[in-house]
Amino acid sequence: MKESGQDGVCGFLVKFSKKLKACSLSGLVETKGETSPMKTTWYCPLDLSTVLEEKEDGVIYNVVVKQQHGAPTSATSGSRSQCVKAGTEEKLVQHLLHSFAMGDSSFITIFLSTYRSFTSTKRVLDILIDRLQHPPGESTRSQTRQPFNRAVCMVFSMWLSEYPEDFRSLGEPGLLLRLAPLLPSDPSGTEIRGRLLRLAEELSEQALLPDSSSDRTIASPPADPTKFDPTNILGFPAGLIAEQLTKIETELFVRLVPYHCLGSLWSQRDKKGREGVCWSVRATVRQFNRLANAVMASCLWPTQLRSQQRACLLEKWISVAEECRARKNFSSLYAIVSALQSNPVHRLRRTWLETDREAVRRYEELSNIFSEKDNYSQSRELLKEEGTSKFANLDGKMTNRRQIGSSAQGTVPYLGIFLTDLTMLDTAVKDRLENGYINFDKRRREFEVLAQIRLLQSSCKNCVFLTDEAFLQWYQSVPLLNEEESYRLSNEIEVPCELSSGRTQNPTVIITRCPNLNSSRTSLVADSDGLFDFPSPVCHFLSKFTKHMKSPSVSCLDVDSSPPTNDPIPSALTPSTPIKSHRRSVSCGNNPTNNNKGSEPDMRIVRIRMDLQDGNMYRSILVTSNDKTPTVISSALEKHSQDPKQASRYELIQLLPEGKELVIPATGNVFYAMTSSSVDFLLRRQGGNTPFRSLPISTETSATFPRIKAKGRRQLFPK
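Definitions and cut-offs
- Residues numbered from 1 in each chain as written.
- Predicted model: local features only at pLDDT ≥ 70, side-chain atom pairs only at ≥ 80, totals over all residues.
- Heavy atoms only, no water.
- Helix = DSSP H or I, 4+ residues; strand = E, 2+ residues; numbered from the N terminus.
- Buried < 20%, exposed > 50% of the residue type's maximum accessible area, 1.4 Å probe, protein only.
- Contact = heavy atoms within 4.5 Å.
- Areas by Shrake-Rupley, 256 points an atom, 1.4 Å probe, with all protein chains shown as cover.
- Pairing = 2+ DSSP bridges.
- Axes fitted to C-alpha atoms, helices over the stretch in contact; angles between N-to-C directions.
- Parallel < 35°, antiparallel > 145°, perpendicular 65-115°, else oblique.
- Left-handed = near helix turned anticlockwise from the far one by under 90°.
- Core = buried A, V, L, I, M, F, W, Y, C linked by side-chain atoms within 4.5 Å.
- Disulfide = S-S within 2.5 Å.
- Expected span 1.5 Å × (residues − 1).
- Polar contact = N/O pair within 3.5 Å; in protein donor to acceptor, adjacent residues only side chain to side chain.
- Phe/Tyr/Trp six-rings, centres within 6.5 Å; stacked < 30°, edge-to-face > 60°.
- Lys NZ or Arg CZ within 6 Å of the ring centre and 35° of its normal.
- pLDDT = per-residue confidence, 0-100.
- Nonpolar A, V, L, I, M, F, W, Y, C, P; charged D, E, K, R; others polar.
- Arc of directions from axis to C-beta.
- Salt bridge = Lys/Arg side-chain N within 4 Å of Asp/Glu carboxyl O.

Re the overall build of the protein
1) Next: Along the backbone of the protein there are 24 helices and 15 strands.
2) Next: Here the protein holds 719 residues, and 54% of them are scored as buried.
3) Next: If you take every contact in the protein between residues at least 6 apart in sequence, the share linking residues at least 24 apart comes to 72%.
4) Next: Accessible area of the protein: about 32,600 Å², with a carbon and sulfur share of 50%.

Structure representation (C-alpha cells):
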C-alpha cells in the first residue's frame, strides 16, 4: 500500500471530529408537533441545531440544520448538512459523487476504508461507470456538471492514492479500460486517466505471466537447532535488542492495511480460498509468535543450566521489555511479557526464586500495562498519552533523557486491542436494517477504530533504524518449539512432584468479578492539544453494548497447571504475579440463581467452528444467559450459511485446553454449561462422544493466532 495520502489523514480527522460533533444525537429532544412518516426531528438546545432523519428512495439521512443566532427556530431554514445513516448498495456508491456537496465530507474516506465489508471493488466500479455514462447537465460546462466532475476526480484521486491494491486485485483490465474514457477531460481527470491506464497495463502483463506475481508471504528458512546457543542473547545489550525488535515491528506496522483489521474480514481469514485475506495482520501476528517463541526457547532450551544461570536469562528479557517500553514498542513488550507468563516458563519456581527482586518488581509493572481490567484501560491510556508524542513518558521523565537516541520514536501498538474492538462491533451491530438497507452508521463506528490505527502509523513512517546483522542471525537461528516440546523441556528443568493423593488435583478456583466494561475506554481519546482530539462513538457504543457484559470477548482465565511442588513461592511471585491460579469470571459460573432478579441477561461472545468442505471457519456468536443449546446451534448454522432447521442433527462442543472437549447438553443452558477456560466451540454431527476426550496436541503453527496457547493462558488475538 502506498503511503501517499497518509499526510492528509490527520488534517481530515480534524474535520471529521467536527462532523461527528455536529452529527451526534446525544442530548437531543424529539419534537412533539406535527411529524411526517418520512421525517423525524430532534432539537439540540445548546447550539440551536436541528437534527432530522429524512428518508428518500433507497437512503436514510441524518440532516443537521444550524440556525442563525437570533433567527426563529425552523427545521427548514439555516445551513444544512446531511450524513448518510443507511441505504442500498447502489445509493451508497452513488453518494460518493454527491457527499461533499451535501456536507457529508467524511463519507468518501469512511466508505473507501470499510466498503469491503458489504460489497466488492468490481461492484463499486460497475455502479460508478453506469453513473458516469449518464452524468448530470446537458453540457460539460453546465453548472451541475462542473461540481460533479470535481467530485469524480476527488473520489478516484483518493482511492488510487490510498488503496491502489484494490485496482490491482481486479485481475483483468476490462473495468479500468471502460472507466478511463469516462473521466473528465480537465487536467485532474487526465492525470487520473493516466494512472488507471498504467494499472490496466500491469494487469494485462500479469494475465500473460501469471507466475510473475510474487507471494506476499515469504517463508523464513528453517532454523538449525544445532547452531542455536540461547546464552548468546546475554552478549547483546538490551537496548540493541529492543532497537532491532522495534525496527521489525515498525516496518510491519507501517505496511499494515487498516481495513484488514475489520471484524467481517478477519473472521473469514481461515476460509478455504481466502488464505491471502488480511495478509498484513497475519504478518504482525507471525512476528508476535516468533518473538514469544524466541523468549521461551532461550529460557527453556538449555536444560542443563543452573537456576542462577537461567535467572540471568529472565532478567535479560525483562530488561529488553523495559527498553521496548521506552521505545513505545507495545507489541514486542506484550510478546515478551506473555512468553514469561506462559506456563512452561512461570512454573519454573526455583528459577524465579533466583531472579533479582528488583527485576521481578519491574516485570510486574510491565505486566500491569496489559491488565484486562476495565477492558485494557491502562494500555489505552498510554496510547492516548503517547500515541503521537515524540518520546515515551516514564515516571514523569521523557525517554529522550535515557539516551536512547535523538530521533523521534513512533508508537507500535498491541494490535489485539483494535482487533477485539472491531470484532465486538462486527458481532454486536447488525450489517443491515430491518428494511434491508446497509447500516452505514456501523461503518462510521468501525472507521473510528481504523482512524486510530492510521494516526499511529503516521507516527512511525519517518522512523530510521540501523540493522545489527549479528542479532538478526541469532534471532533467525531460534528453533520453533511447539506446545508439547515446551512442556517437556520445562519438566526436564524442574520435575513435577508426585501428588500424594494419587489422583489429579483440581486447580484452585478463586471466584473473581471480571472487569466491568461499562466504564472502559475503547477508543483513543486525548487532550485537546493532541491529534486524538475527536469524539468517540465507538467508545459510547461499546459502553452501551458491554454495560451488562461481565467479561470481554477473550477469556478471563489464568491457570497454573503445574502440580504443586515443595519449593516455597517467593513473596514477589504471589498469584498477582507470574505464578497464577485459576480465576473464573462470575458471569461464567454455573449457578444461574445468583443473578439479580430483573437485571439484563449476561452475555458473552464465543467463536463456533464447523468442519466444512471449504475449510474450517470460525464465526462469532453472542450467547446470553437465556440461550439454550438448540438456539445457539441454530444461530451458528445460520452464521455458517447452513440450514438452521437442522439444529437437532448437531451437537455443540466446547474446545478446552490440552485438546479436551466438553459436550454441551442438548437441552442445557449454554452460558452456564460452558467453562471459562475457552471461547472456542465446534459444531459436529451427532455421534457418540464422551464429554471429555483427549486429542493429540497439534504441532502445526498458524499465522492467524499466537502460538502461546499454554494451559490457562488466554489467546492474545481475537479470532
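Having seen it, we continue.
Structural notes on the pairing of strand β13 (residues 650–655)
1) Next: With six of its six residues buried, β13 lies for the most part within the structure.
2) Next: Side chains Tyr650, Leu652 and Gln654 project from β13 onto one buried face, and the interleaved Glu651, Ile653 and Leu655 project onto a second face that is buried too.
3) Next: With five bridges joining them, β13 and strand β15 (residues 680–685) adopt antiparallel strand pairing. Opposite Tyr650, over in β15, you have Arg685 as the bridge partner.
4) Next: Judged from the three bridges that link them, β13 and strand β14 (residues 661–663) form a sheet pairing that is antiparallel. Paired with Leu655 across the bridge in β14 is Glu661.
5) Next: The antiparallel hairpin formed by β13 and β14 contains five residues in its connecting segment, where Glu658 sits at a positive phi of about 65°.

Some thoughts on the packing of helix α9 (residues 238–255) against helix α12 (residues 307–326)
1) Next: Interaxial distance between α9 and α12 falls to 8 Å at its minimum, and their mutual angle equals 55°. Accordingly, the angle class assigned to the pair α9 and α12 is oblique. As α9 runs across α12, the sense of the crossing is right-handed. For the pair α9 and α12, the contacting residues are Ala238, Gly239, Ile241, Ala242 and Leu245 in the first and Lys316, Trp317, Ser319, Val320, Glu323 and Cys324 in the second.

Focus: the environment of Arg274
1) Next: Within the element layout of this structure, Arg274 appears in the loop between α10 (263–266) and α11 (279–300).
2) Next: Judged by relative accessible area, which is 27%, Arg274 ranks as partly exposed.
3) Next: Sequence-distant contacts of Arg274, defined by excluding residues within four places in its chain, comprise Leu265, Gln268, Arg269 and Arg282.

A short note on the nonpolar core
1) Next: Of all hydrophobic cores here, the largest spans 130 residues; its most connected members are Phe111, Phe156, Trp159, Trp317 and Ile336.
2) Next: Among the elements that make up this core, the one with the highest residue count is α11 (13 residues).
3) Next: One finds Ile608, Ile621, Val632 and Ile664 within the second-largest nonpolar core, a separate group that totals 21 residues.

Topic: the state of the cysteines
1) Next: Under the definition given, this model contains zero disulfides.
2) Next: Not part of a disulfide, Cys463 finds its nearest cysteine sulfur in Cys460, a span of 5.3 Å.

Examining helix α5 (residues 145–162)
Each turn of an α-helix holds 3.6 residues, which means side chains three or four residues apart point in the same direction.
1) Next: The first and last C-alpha atoms of α5 sit 26 Å apart over 18 residues, in line with the 26 Å expected at 1.5 Å per residue.
2) Next: In this structure, the buried side of α5 is in contact with α3 (107–114), α4 (121–132), α6 (164–168), α7 (174–179), α8 (187–208) and α19 (440–460).

Comments concerning the side chain of Glu323
1) Next: Here Glu323 lies in helix α12.
2) Next: Judged by its relative accessible area of 18%, Glu323 falls in the buried class.
3) Next: A distance of 2.8 Å separates a polar atom in the side chain of Glu323 from a polar atom in the side chain of Arg327.

Topic: the packing of aromatic side chains
1) Next: Under the definition given, this model contains 18 aromatic pairs.
2) Next: Ring centres of Trp159 and Phe167 lie 4.9 Å apart, and the angle between their planes is 50°; on these two criteria the pair is classed as tilted.
3) Next: Among the aromatic side chains, those forming a connected cluster through ring pairs are Phe107, Phe111, Tyr115, Phe118, Phe156, Trp159, Phe167 and Phe440.
4) Next: Residue placement shows Arg116 over the ring face of Tyr163; its charged tip is 4.8 Å from the ring centre.
5) Next: A cation over an aromatic ring shows up here: Arg116 above the ring of Tyr259, its NZ or CZ 3.6 Å from the ring centre.

A short note on the confidence of the model for the protein
1) Next: For the protein, mean pLDDT is 74; residues scoring 70 or higher make up 65% of the total.
2) Next: When pLDDT is averaged over each element of the protein, strand β8 (residues 438–439) comes out on top at 96 and strand β9 (residues 509–512) at the bottom at 33.
3) Next: Confidence over residues 41–46 falls short of pLDDT 50; this stretch has 24 contacts with residues more than four positions distant or in other chains.

Brief notes about the environment of Lys430
1) Next: Relative to the helices and strands, Lys430 resides in the loop between α18 (415–428) and β8.
2) Next: In this structure, the C-alpha to C-alpha distance between Lys430 and Lys442, residues 12 residues apart in sequence, is 7.8 Å.
3) Next: The contact partners of Lys430, leaving out residues within four places of it in the chain, are Asn439 and Lys442.

Focus on the packing of α12 against helix α13 (residues 330–341)
1) Next: Where α12 meets α13, the closest approach of the two axes is 8 Å, and the angle between their N-to-C directions is 155°. Taken together, α12 and α13 sit at an angle that is classed as roughly antiparallel. Of the two elements, α12 crosses α13, and the hand of that crossing is left-handed. Every residue of α13 that contacts α12 at Leu314, Trp317, Ile318, Val320, Ala321, Cys324 and Arg325 is listed here: Phe330, Ser332, Leu333, Ile336 and Leu340.
2) Next: Its residues assigned to classes, the contact of α12 with α13 comprises 10 nonpolar, one polar and one charged.

Quick notes on helix α21 (residues 483–493)
1) Next: Of all the positions in α21, only Glu483, Ser486, Tyr487, Leu489, Ser490 and Ile493 are classed as buried. Angularly, the buried residues of α21 cover 165° about the axis, an arc narrow enough to put them on a single face.
2) Next: Contacts made by the buried residues of α21 are with α11, α12, α14 (343–346) and α15 (349–354).
3) Next: Two or three places before Glu484, at the opening of α21, Asn482 has a side-chain oxygen 3.1 Å from that residue's backbone nitrogen.

Observations regarding the pattern of salt bridges
1) Next: This model, assessed by the stated rule, comprises 25 salt bridges.
2) Next: Across the pair Glu386 and Arg325 runs a salt bridge, and its minimum N-O distance is 2.9 Å. Placement of the pair is Glu386 in helix α17 (residues 377–386) and Arg325 in helix α12, with a sequence separation of 61 residues. Of the two residues, Glu386 and Arg325, neither departs from the other in class, the shared state being buried.
3) Next: Two residues, Asp426 and Lys442, come together in a salt bridge whose shortest N-O distance is 3.2 Å. Residue Asp426 is found in helix α18, and its partner Lys442 is found in helix α19; the two are separated by 16 residues along the sequence.
4) Next: Its relative accessible area of 0% is what places Lys442 among the buried residues.

Let's talk about the environment of Val59
1) Next: Position of Val59 relative to the elements: it lies in strand β4 (residues 59–66).
2) Next: By relative accessible area, Val59 is classed as buried at 5%.
3) Next: The contact partners of Val59, leaving out residues within four places of it in the chain, are Glu54, Val84, Ala86, Gly87, Lys91 and Tyr437.

Quick notes on unusual backbone geometry
1) Next: Residues other than glycine seldom take positive phi values, yet Cys278 does so here, at roughly 60°.
2) Next: Among the secondary structure elements, Cys278 is positioned in the loop between α10 and α11.
3) Next: Positioned with a positive phi, Lys328 is a non-glycine residue whose angle comes to about 60°.
4) Next: Structurally, Lys328 is set in the loop between α12 and α13.

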